[in-house]
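Commentary on secondary and tertiary structure
Here's the letter readout for the chains.
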Amino acid sequence: MKMSQNNTDKSDQTSTNKKNISLPISRVRLIMKSSPDVSSINQDALFLTTKATELFVQHLAQSSFSNGSGKETNSLSYSDLAHTAEETETFHFLTDILPKKILARDYLKSLEQMQEEDADY
């Protein structure tokens, strides 16, 4: 009798845990399976990866909001995320994914300057 009670408790806990996540598990599974190194995915690993991703995104958003300009307008913008990625060492690995936006004319000017510097050498 005790064994079936443990299984019931475990299934109740699993269903409760699934309610505590916001990201779609099927999407996370699809992303995980896109890796050639992954052949099968354990349900616990899938849940933990989904929850960890959710917590990471929440932490990034909170850090960006508290360090960004959105406090006055109670909003979070792309530039706040990009600034946090560039200025915070914890999120620095995201600078390639969240680059600061620049105007095309500014980019072309910097590209010209880089080409001129290369020509000088």
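The present account deals with the structure reproduced in this document.

Conventions and cut-offs
Residues numbered from 1 in each chain as written. Predicted model: local features only at pLDDT ≥ 70, side-chain atom pairs only at ≥ 80, totals over all residues. Heavy atoms only, no water. Helix = DSSP H or I, 4+ residues; strand = E, 2+ residues; numbered from the N terminus. Buried < 20%, exposed > 50% of the residue type's maximum accessible area, 1.4 Å probe, protein only. Contact = heavy atoms within 4.5 Å. Areas by Shrake-Rupley, 256 points an atom, 1.4 Å probe, with all protein chains shown as cover. Axes fitted to C-alpha atoms, helices over the stretch in contact; angles between N-to-C directions. Parallel < 35°, antiparallel > 145°, perpendicular 65-115°, else oblique. Nonpolar A, V, L, I, M, F, W, Y, C, P; charged D, E, K, R; others polar. Salt bridge = Lys/Arg side-chain N within 4 Å of Asp/Glu carboxyl O. Phe/Tyr/Trp six-rings, centres within 6.5 Å; stacked < 30°, edge-to-face > 60°.

Across its full length, the protein chain carries five helices and zero strands. Starting at the N terminus and ending at the C terminus, the protein chain contains elements arranged as α-α-α-α-α. By residue count, 17% of the 121 residues in the protein chain fall in the buried class. Taking the intrachain contacts of the protein chain between residues at least 6 apart in sequence as the baseline, contacts between residues at least 24 apart amount to 32%. As displayed, the protein chain has an accessible area near 9800 Å², and 54% of this comes from carbon and sulfur atoms.

The geometry of helix H2 (residues 25–33) relative to helix H3 (residues 43–67) is characterised by a closest axis approach of 10 Å and an angle of 105 degrees between their N-to-C directions. For the element pair H2 / H3, the angle class is roughly perpendicular. Contacts between H2 and H3 involve Ile-25, Val-28, Arg-29 and Met-32 on the former and, on the latter, Gln-43, Leu-46, Thr-49 and Thr-50. Along the lines of polarity and charge, the residues of the contact of H2 with H3 split into four nonpolar, three polar and one charged.

What follows covers the pattern of salt bridges. Evaluation of the coordinates by the stated rule reveals two salt bridges. Glu-54 is the partner of Lys-51 in a salt bridge, and the nearest nitrogen-oxygen pair spans 3.4 Å. Separated by three residues within a single helix, Lys-51 and Glu-54 lie in helix H3, roughly one turn from each other. Using a relative accessible area of 14% as the deciding quantity, one classes Glu-54 as buried. Glu-86 serves as the salt-bridge partner of Lys-100, at 3.8 Å between the closest nitrogen and oxygen. With a gap of 14 residues between them, Lys-100 in the loop between helix H4 (78–87) and helix H5 (104–120) and Glu-86 in helix H4 connect regions that are remote in the sequence.

A separate point is the side chain of Ser-63. Mapped onto the fold, Ser-63 is located in helix H3. Relative accessible area serves as the criterion here: at 13%, Ser-63 is assigned to the buried category. Apart from residues no more than four positions distant in its own chain, Ser-63 is found in contact with Thr-84 and Phe-91.

Before going further, it helps to examine the packing of aromatic side chains. Scanning the entire structure with this criterion turns up two aromatic pairs. Ring geometry for Phe-56 versus Phe-93: centroids 6.1 Å apart, planes at 40 degrees, classification tilted. Pair noted here: Phe-56 is in helix H3 and Phe-93 is in the loop between H4 and H5, with a separation of 37 residues, a long-range link. Owing to a relative accessible area of 32%, Phe-56 belongs among the partly exposed residues under this scheme. Chaining the aromatic ring pairs together yields one cluster made of Phe-56, Phe-91 and Phe-93.

Mapping Val-28 onto the fold places it in helix H2. For Val-28, a relative accessible area of 11% translates into the label buried. Considering only alpha carbons, one finds Val-28 and Thr-50, 22 residues apart in sequence, at a separation of 6.4 Å.

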